[in-house]
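Letter by letter, the chains look like this.
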Amino acid sequence: MPVGLFRVCLLVITAIVNHPLFFPKENGTVPENTEEIIQKMKEREESLRLEQLRLEQEIADQEATQKALEKAAVVVEESKEENIRWDMWTALSMVIFLLIELWRQDFQEGNWQDIGGEEDDMAVLGKAFKGVAFPDKAVLASFYEKRILGTTGDMARMREMVEGFADDLLEALRSVCNRDADMEVEDCMGVGSMYENWRVRKPFVCDLIVPFAPPEPYCFCCQTWCSGDSFPPDEQGYGTIKVCRADEDATGCICDKTKLGEDMLCLLHSQVSSTRPSSEMEDLLCFKNTQYLDADQVMKWFQIAVTKAWNRISHKYEFDLSFSLLDSPGALKIKFKSGKSIAFNLTPVVQYENSDVYFISHFPRSSLAADIPSSTHWFLTFAVYERRFIHLVSKTLPANACHVSCLQILSFLHGKQCSLTGPSGLTNYHLKTVLLHLLQGRPSQDWAPEKLEARLQDMLKFLEKCLHEKKLYHFFIGNGKVPAELGFPIIFQRAEPLNLFRPFVLRRDIYRKTVDTFHEMLRNMSTLINEYTMHIPLAHTNGIRKESL
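Source: prediction; values computed, not measured.

**Q** Give a description of the overall build of the protein that names residues and reports values.
**A** Secondary structure summary: the protein contains 17 helices and 12 strands in total. Expressed as a percentage of the 549 residues in the protein, the buried residues total 41%. Nonlocal contacts in the protein, meaning residues at least 24 apart in sequence, comprise 72% of its contacts between residues at least 6 apart. Total accessible area on the protein stands at roughly 32000 Å², and carbon and sulfur atoms take up 56% of it.

**Q** Describe the environment of Asn197, naming the residues involved and giving the relevant values.
**A** By secondary structure assignment, the location of Asn197 is in the loop between helix 6 (193-196) and strand 4 (205-213). Counting along the chain gives 208 residues from Asn197 to Ser405, while the straight-line C-alpha distance between them is 9.8 Å. Only 3.2 Å separates the side chain of Asn197 from the side chain of Arg159, close enough to count as a polar contact.

**Q** Quick rundown of the nonpolar core? Include the residues and the values.
**A** Counting 114 residues, the largest nonpolar core has Leu169, Leu293, Phe344, Leu346, Trp378, Phe476 and Phe492 as the members making the most contacts within it. Among the nonpolar cores identified, the runner-up in size contains seven residues, and Ile209, Tyr358, Ile360 and Ala383 belong to it.

**Q** Which residues make up the pattern of salt bridges, and what values do they have?
**A** All chains considered together, the criterion is met by 18 salt bridges. Of the charged contacts, one joins Arg388 and Asp356 as a salt bridge, the two residues approaching to 2.5 Å between their closest N and O atoms. You can see Arg388 sitting in helix 10 (residues 383-394) and its partner Asp356 sitting in the loop between strand 9 (341-351) and strand 10 (358-360), a full 32 residues away along the chain. Across the pair Asp458 and Arg455 runs a salt bridge whose closest N-O atoms are separated by 2.8 Å. A residue pair is termed a helical-turn pair when its members lie 3 or 4 positions apart in one helix, as Asp458 and Arg455 do in helix 13 (residues 452-469) at three residues.

**Q** I'd like a rundown of helix 13, residues and numbers included.
**A** Over its 18 residues, helix 13 runs 26 Å from end to end, which matches the ideal 26 Å to within 8%, given 1.5 Å per residue. Just downstream of helix 13, Lys470 is the residue with a positive phi angle, here 55°.

**Q** Account for the packing of helix 11 (residues 403-421) against helix 13, naming residues and giving values.
**A** Contact pair helix 11 / helix 13: the axes reach a minimum separation of 9 Å and the direction vectors enclose 55°. Taken together, the axes of helix 11 and helix 13 lie oblique to each other. Considering only the axes of helix 11 and helix 13, their crossing is right-handed. Taken together, the residues of helix 13 that come into contact with helix 11 (itself represented by Ser405, Cys406, Leu407, Ile409 and Leu410) are Leu452, Arg455, Leu456, Met459 and Leu460. Its residues placed into classes, the contact of helix 11 with helix 13 shows eight nonpolar, one polar and one charged.

**Q** Talk me through the packing of helix 10 against helix 12 (residues 428-441); I want residue IDs and the actual numbers.
**A** Relative orientation of the contacting elements helix 10 and helix 12 amounts to 40°, with a least axis distance of 11 Å. Comparing their axes, helix 12 and helix 10 come out oblique. In the packing of helix 10 onto helix 12, the handedness of the crossing is left-handed. Mapping the contact onto sequence places Glu386, Phe389, Ile390 and Val393 in helix 10 and Tyr429, Lys432, Leu436, Leu439 and Gln440 in helix 12. Classifying every residue of the contact of helix 10 with helix 12 gives six nonpolar, one polar and two charged.

**Q** Tell me about the side chain of Ser193, residues and numbers included.
**A** Relative to the helices and strands, Ser193 resides in helix 6. Here Ser193 is in contact with Met155, Trp198 and Arg199, once residues within four sequence places are set aside.

**Q** How would you explain helix 9 (residues 295-313) if you had to name every residue and give the values?
**A** In this model, helix 9 (19 residues) spans 27 Å end to end at C-alpha, consistent with the 27 Å of a helix rising 1.5 Å per residue. Among the residues of helix 9, Ala295, Val298, Met299, Trp301, Phe302, Ala305, Val306, Ala309, Trp310 and Ile313 are the ones counted as buried. The buried residues of helix 9 occupy one face: seen down the axis, they fall within an arc of 165°. Among the exposed residues of helix 9, those pointing more than 90 degrees away from its buried face are Lys300 and Asn311. Two or three places before Asp296, at the opening of helix 9, Asp294 has a side-chain oxygen 2.9 Å from that residue's backbone nitrogen.

About the criteria used
- Residues numbered from 1 in each chain as written.
- Predicted model: local features only at pLDDT ≥ 70, side-chain atom pairs only at ≥ 80, totals over all residues.
- Heavy atoms only, no water.
- Helix = DSSP H or I, 4+ residues; strand = E, 2+ residues; numbered from the N terminus.
- Buried < 20%, exposed > 50% of the residue type's maximum accessible area, 1.4 Å probe, protein only.
- Contact = heavy atoms within 4.5 Å.
- Areas by Shrake-Rupley, 256 points an atom, 1.4 Å probe, with all protein chains shown as cover.
- Polar contact = N/O pair within 3.5 Å; in protein donor to acceptor, adjacent residues only side chain to side chain.
- Core = buried A, V, L, I, M, F, W, Y, C linked by side-chain atoms within 4.5 Å.
- Salt bridge = Lys/Arg side-chain N within 4 Å of Asp/Glu carboxyl O.
- Expected span 1.5 Å × (residues − 1).
- Axes fitted to C-alpha atoms, helices over the stretch in contact; angles between N-to-C directions.
- Parallel < 35°, antiparallel > 145°, perpendicular 65-115°, else oblique.
- Left-handed = near helix turned anticlockwise from the far one by under 90°.
- Nonpolar A, V, L, I, M, F, W, Y, C, P; charged D, E, K, R; others polar.
- Arc of directions from axis to C-beta.

Structure (structure tokens):
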């Protein structure tokens, strides 16, 4: 019985499991979904492959970034080491530079400007002298006596006449000026070749400078290129003049730069004095909207004042007075009824502090000189100290020393050559600077009168050397050997030397013209001198020897 029941239950269960209502069409779907499943598997495989590629790319990028970081770290480390080495080289270079600068200053003090006084130095110079016939002592002495002394005998009388008239004219100028508003004019001083007794070429022209000062309560605050502030190279040798109140610092009170407010008042300046209209500064001859003295306005004021002064005193004289040159505002000419005339320059200047250095409004220009930066830049002149130095040195030289004679002969030859071939970059001031350097560098006995020929050759060779190097230093600026008796300002002695031939570096055309004129002067020197020494016996003219150095 139990076995039969078990069989019946097993049969029922088997029937139920195999009944078609359970799992309908189960066996028939397999063949239909196989392709879809395969397609999905391929898509899945492709997506996995792409994901694998992306991951590989990311890993590669990370590795590249890591390598770049490692490389950058190495470069930074190397740069640090390089910077350390560079800092060491920079420090070493600075030390070397300072040592060179100290050596240069010592060398400069010991050899201010090489005058070529030693025979070894002269041996490498004088190339332009090869084949040049140099006059001998007798010819030079005769030439100097006939040509130079014969034409300069009336210089003293002319100086006396011009100075007397200038004093009278300036006294009249003071009387026509408003003492409360106009500039205060001081006595004039004679400077230049006429007062150093070496001018040789006519017409003789006296150079007079006239210091002036502003009316009270104003004063001049002067600033030079070597006073500490940086000046461009083309402004070296110049300075500016600021018009300030006597109770005001050169830099100005802070009330001029800051708004104090309506209810605040500067303790140093009243409300009236703190405001300074531009018209007031223009009345003080300043450049428009500035406090800096304008050289052009000064010369216009001076010309008008001189004209008024002459109108007041003209009835006392039997000659006419006029301005002779348009490009030289201070050039005056006295015309006599006989037709003769006398020319002189009357130029206003401003004194630098308490020295005899002056800011000059207008300075005779040459083709070598660069243009003035602006009308507020004033050129500095050391003419008073130059005259004083020549006078001081002359006391130590032998009687009838040849130093002035050398300068006169060289100035005459150069002037004659320029009249034949046209102007050059050389001026008489350059020639005088050469003489000043030689006077300082050579012993006193070397300037005996019988050594005129040798000293003239020294000047020519020194000038040739300077032209070759394009370097001729101003005698006073940067010269630490200026005699203490002159009382020369120390600020200019400590300044960097000023090269008067610097424009030659910038203007090659003028430099070439100057060198050609110099060489032509050497070739024509004997001819030019012999024109005025025809009375010399033949034995002397045949004694002209050639200098080949």
